[in-house]
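The lines below spell out each chain.
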Amino acid sequence: QAQLVESGGGLVQAGGSLRLSCAASGRTFSSYAMGWFRQAPGKEREFVAAISWSGGRTFYADAVKGRFTIFRGNAKNTVYLQMNSLKPEDTAVYYCAARVGVVIMTDAYDYWGQGTQVTVSS
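Quick look at the state of the cysteines
And step 1. Scanning all chains against the criterion turns up one disulfide.
And step 2. Bridging C22 to C96, the disulfide has an S-S length of 2.0 Å. The sign of the -75 degrees torsion about the S-S bond sets the C22-C96 disulfide as left-handed. Of this pair, C22 sits in strand β3 (residues 18-25) while C96 sits in strand β9 (residues 92-100); the two residues are 74 residues apart in sequence, bridging distant segments of the chain. Here C22 matches C96 in class, with each residue buried.

This is the structure:
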């Protein structure tokens, strides 16, 4: 059973940092593209960042470019999202996702985690 488990969310003041982790199990996710999405209250889920299976290609939403960094752990079954210079508008539930094939910025991913709450206070 493939499973993605996010952790690292919490409450932080504006300007602060958080690192989200996504641990994948049940499959060889080292060959999967991985992505992070978020959903704020009353809004649709949106793309945040994605990384290819090799880690060689990364993509970011304009809203987080220069502030967030996505990277994979050495074993490639873990993906991280380092979030710096956080803003209140970054408040959302953050989801990890995985897919077979090329990295994409739409939500056509095969596997999803349960999400972790990130709250940024002003």
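Describing the pattern of salt bridges
And step 1. Taken as a whole, this structure holds five salt bridges when the rule is applied.
And step 2. For the salt bridge of R38 with E46, the shortest nitrogen-to-oxygen distance reads 2.6 Å.
And step 3. Where R45 meets D107, a salt bridge forms, and the shortest distance between an N and an O atom there is 3.5 Å. With a gap of 62 residues between them, R45 in the loop between β4 (32-39) and β5 (46-51) and D107 in the loop between β9 and β10 (111-112) connect regions that are remote in the sequence.
And step 4. Of the residues examined, D107 reaches a relative accessible area of 44% and is grouped as partly exposed.
And step 5. Three or more residues joined by partner-sharing salt bridges are found here, namely R38, E46, R67 and D90.

Conventions we followed
- Residues numbered from 1 in each chain as written.
- Predicted model: local features only at pLDDT ≥ 70, side-chain atom pairs only at ≥ 80, totals over all residues.
- Heavy atoms only, no water.
- Disulfide = S-S within 2.5 Å.
- Helix = DSSP H or I, 4+ residues; strand = E, 2+ residues; numbered from the N terminus.
- Buried < 20%, exposed > 50% of the residue type's maximum accessible area, 1.4 Å probe, protein only.
- Salt bridge = Lys/Arg side-chain N within 4 Å of Asp/Glu carboxyl O.

Distances and angles like these do not, on their own, reveal function.
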